[in-house]
2 protein chains.
Amino acid sequence: MKKKNNGCVELSLRQTARFLKKHDNYIILTHASPDGDTLGSAYALYYGLKEIGKLACVICPDVIPKKYDYFVRRTDHISRENATVVAVDVADKKLLGGLQEEFGDIVDLNIDHHISNVHYAKNLYLDSDASATAECIFELLNLMKVNINNITAKALYTGIATDTGCFKYSNVTSKTHMIAAQLIEYDISAPDINKLMFDTKSRMLLELERMVLDTAEFHYGGKCIILTVTAEMQQKTGCSGTELEGIAVISRSIEGVDAGVTIKQTGENEYKVSLRTYPPLDAAAICKKLGGGGHKAAAGASVEGTLEVVKDKVLTAVKEVMEEAYAGIASAE
Amino acid sequence: MKKKNNGCVELSLRQTARFLKKHDNYIILTHASPDGDTLGSAYALYYGLKEIGKLACVICPDVIPKKYDYFVRRTDHISRENATVVAVDVADKKLLGGLQEEFGDIVDLNIDHHISNVHYAKNLYLDSDASATAECIFELLNLMKVNINNITAKALYTGIATDTGCFKYSNVTSKTHMIAAQLIEYDISAPDINKLMFDTKSRMLLELERMVLDTAEFHYGGKCIILTVTAEMQQKTGCSGTELEGIAVISRSIEGVDAGVTIKQTGENEYKVSLRTYPPLDAAAICKKLGGGGHKAAAGASVEGTLEVVKDKVLTAVKEVMEEAYAGIASAE
């Protein structure tokens, strides 16, 4: 057990398994703007705990998108008083959104894979080599000898597939594929899950993409693209939240682009900036300069100002990190 | 050993390994319009044979796209007289394209995973449960105890990743993931391969997509979408051929769409119609009405007339097949 900042105790996998066996009533929290990994992890943990006779509920700060219906079920009602609070895939209590006030300071156990985890919980199981928190949950359930069934496997596969872009990204390890090999044995219809997660676009989103592509700006010799999603576009198309993730994906798919930037308006003079990068650029380093954080290949920040001001700030941050990164390469050669 | 039609002998994996050890000079053939699987399989087999002291060359009927440069190398010069001819991922000798005349009737060994294989070679190793022919080559090299190195692993991974849409499709099995788990241990930079194969869009293609999305028309209560690619768009962006395949993919990714139609102008009054459908609609049935053909989920036809006339013809064909298909469902309920 390692004591880190804030008195947070870092647990091993074995200690985490023991912790989960010891308590009986769980409140499982996901992060706001829930994605496949936080939801898949939460529900897989829920089903696992039910298998060993525990009571548990899953609480999500935001409405759960309908597309996850295939593994989302009504959970138990657990009162806060007797409950053990577990946050999954939540790197910072801020990411609890509307639940932060109620739960932010009383998370008993945090299970996560983000290297940027800020150690806010009393206990933390962190595996930053895991492609997804769902990978951690799979290993936990295995170690606890908990029976994995079809719906648990669906939830776990969803977490891993969505956080790896369906096994495409650099966070995929041998272990990731080994776990996937085991999960698809549970008759989970992985192709249907993948179609739903990766190849289904609403008409509204198609319309939004059309509008956003019109805003494409290239900078720094084509190495940086900026796509803009205005409040007006969101209103016109009714697209918001997680539906917009696909836009960030577009930004990283253009030939020659090392830094894909998506700027989404969230208020009168408020913007959410999403960065997607390729080596040698570090998205987290860029977003740190903007007051945000995240992973090497994907990070975000909230930036205030008019759109032009926000763009300037982002371009300055991108430029600084680019200069360091490319200079590093040049000097290494 | 099973004798099939045309006197083709079906070999087991063990017999195929023995066959490959027995001969010394190999000509390895890929299919025309080469993809990641035929090329990955051919080069992995080439590298494997070189490891055990054989001479071999790879011959591709068409120019190999530059994006495969990371595993394509100059191979030996082998004269036809003493050579053993192996075709990989080639289900029918017709698919040898420009090489059919020279090699179509003298293929000594065919290694393939297509259930539609027509048994044209003298010997055939066919595993129709394999997601890719590269899966068969991996198993062969393993059985032959051939050393797999970095470039062989890159070629094999490419074959498997491209034929499974990066582990998305229904041909993926547990074994597929287990093999991927082993291949990525060879330090192959799988994320770079995946970016190159799946997430690299030229700026021209991005521009074309923007234009094509502007043409989107929905019909029959949103169940049918028509996207149009005019000759002018192709000229303006310089996009053509295989780059346009991505457009048809868009048409099948819209929520609620059962029939995704892409109409590409190929001449003054000539259009290539591509259909992508989901059950209960049959793309081949629709295209048959237009004088074309194909598979259940993907088919095509060449249609003459002005764009408006072509659209009318397509919409009529779609409507007829829809009426039958949905009536079939209604009466079954």
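The preceding data block contains the structure.
Residues numbered from 1 in each chain as written. Chains lettered and ligands numbered in written order. Predicted model: local features only at pLDDT ≥ 70, side-chain atom pairs only at ≥ 80, totals over all residues. Heavy atoms only, no water.

**Student:** Teacher, can you tell me more about the pattern of salt bridges here?
**Tutor:** A pair can form between side chains of opposite charge whenever their charged atoms are brought close. If you walk through the whole model with that rule in mind, you get 28 salt bridges over all chains. A salt bridge links Lys54 of chain B to Asp24 of chain B; the nearest nitrogen and oxygen atoms lie 3.2 Å apart. Highlighted residues: Lys54 of chain B in the loop between α2 (36–51) and β4 (55–59) and Asp24 of chain B in the loop between α1 (13–22) and β3 (25–29), separated in sequence by 30 residues. Ionic pairing is found between Glu209 of chain B and Lys201 of chain B, a salt bridge with its closest N-O pair at 3.2 Å. A network of salt bridges, in which partner residues are shared, links Glu207 and Arg210 of chain A together with Asp214 of chain B. (Salt bridge = Lys/Arg side-chain N within 4 Å of Asp/Glu carboxyl O. Helix = DSSP H or I, 4+ residues; strand = E, 2+ residues; numbered from the N terminus.)

**Student:** Just to check I follow, could you spell out the pairing of strand β9 (residues 224–229) of chain A for this structure?
**Tutor:** Sheet faces and side chains relate simply in a regular strand, where the side chains alternate between the two faces. All names here are of chain A. Burial analysis of β9 places six of its six residues in the buried class, the great majority of the element. A two-sided burial pattern is seen for β9, the buried positions comprising Cys224, Ile226 and Thr228 on one face and Ile225, Leu227 and Val229 on the other. Pairing of strand β8 (residues 217–219) with β9 involves three bridges; the strand directions are antiparallel. Considered in β9, the bridge of His219 is made with Cys224. The antiparallel hairpin formed by β8 and β9 contains four residues in its connecting segment, where Tyr220 sits at a positive phi of about 50°. (Buried < 20%, exposed > 50% of the residue type's maximum accessible area, 1.4 Å probe, protein only. Pairing = 2+ DSSP bridges.)

**Student:** Even after reading the chapter, I still don't get the layout of surface pockets, so can you show me in this structure?
**Tutor:** As a volume, the second largest pocket reaches approximately 220 Å³. In this structure, the second largest pocket is lined by Ile254, Glu255, Gly256, Val257, Asp258, Tyr278 and Pro279 of chain A together with Asp192, Lys195, Leu196 and Thr200 of chain B. (1 Å grid on protein atoms, 1.4 Å probe; cavity = no way out; pocket = protein on both sides within 12 Å on 5 of 7 lines; lining within 4 Å. Points joined across faces, edges and corners; volume = space filled by probe spheres on them.)

**Student:** When you look at the interface of chain A and chain B in this model, what are you seeing that I'm missing?
**Tutor:** You'll often see interface size given as the accessible area lost when the parts meet. Facing 39 residues of chain A, the contacting portion of chain B comprises 39 residues. In this assembly, chain A packs against chain B so that about 3,500 Å² is buried in total across both faces, 63% of it on carbon and sulfur atoms. Where chain A meets chain B, there are four salt bridges. Ionic pairing is found between Asp199 of chain A and Lys168 of chain B, a salt bridge with its closest N-O pair at 3.4 Å. Linking chain A with chain B are 16 residue pairs in polar contact (both at pLDDT 80 or more). Contributing elements (two or more residues each) for the side of chain A that touches chain B: α6 (174–183), α7 (190–198) and α8 (203–213) of chain A. By residue number, the principal contributor to the side of chain A that touches chain B is α6 of chain A, which donates six residues. (Contact = heavy atoms within 4.5 Å. Buried area = accessible area lost by both parts, 1.4 Å probe. Polar contact = N/O pair within 3.5 Å; in protein donor to acceptor, adjacent residues only side chain to side chain.)

**Student:** I would appreciate a short explanation of a positive patch on the surface in the present structure.
**Tutor:** There is a patch of like positive charges on the surface, built from Arg14, Arg18, Lys21, Lys22 and Lys145 of chain A. Here Lys21 of chain A is to be found in helix α1 (residues 13–22). (Patch = residues over 30% accessible without salt bridge, like charges linked within 9 Å, V, L, I, M, F, W, Y side chains within 5 Å. Areas by Shrake-Rupley, 256 points an atom, 1.4 Å probe, with all protein chains shown as cover. Lys, Arg positive; Asp, Glu negative; His and termini not counted. Charge placed at Lys NZ, Arg CZ, Asp CG, Glu CD.)

**Student:** I keep staring at the packing of α6 of chain A against helix α6 (residues 174–183) of chain B and nothing clicks. Help me out?
**Tutor:** Where α6 of chain A meets α6 of chain B, the axes come as close as 8 Å, and the angle between the chain directions of the two elements is 170°. Put simply, α6 of chain A runs roughly antiparallel to α6 of chain B. Contacts from Ser174, His177, Met178, Ala180, Ala181 and Gln182 of chain A in α6 of chain A reach Ser174, His177, Met178, Ala180, Ala181 and Gln182 of chain B in α6 of chain B. Residues belonging to the contact of α6 of chain A with α6 of chain B are distributed by class as follows: six nonpolar, six polar and no charged. (Axes fitted to C-alpha atoms, helices over the stretch in contact; angles between N-to-C directions. Parallel < 35°, antiparallel > 145°, perpendicular 65-115°, else oblique. Nonpolar A, V, L, I, M, F, W, Y, C, P; charged D, E, K, R; others polar.)

**Student:** What exactly am I supposed to notice about unusual backbone geometry here?
**Tutor:** Both trends apply: most residues other than glycine have a negative phi, and most peptide bonds are in trans. Backbone torsion omega between Pro279 of chain A and Pro280 of chain A reads 5°, so that peptide bond is classified as cis. Looking at the element boundaries, Pro280 of chain A is found in the loop between β11 (270–277) and α11 (283–288). Despite not being glycine, Ser33 of chain A has its phi angle at roughly 45°, a positive value. When its relative accessible area of 44% is taken as the criterion, Ser33 of chain A is described as partly exposed. In the Ramachandran plot, Lys145 of chain B falls in the positive-phi region, its phi being about 55° despite a non-glycine side chain. Within the secondary structure, Lys145 of chain B sits in the loop between α4 (133–143) and α5 (150–163). The class for Lys145 of chain B is exposed, based on a relative accessible area of 74%.

Shape descriptors only; they carry no functional weight alone.
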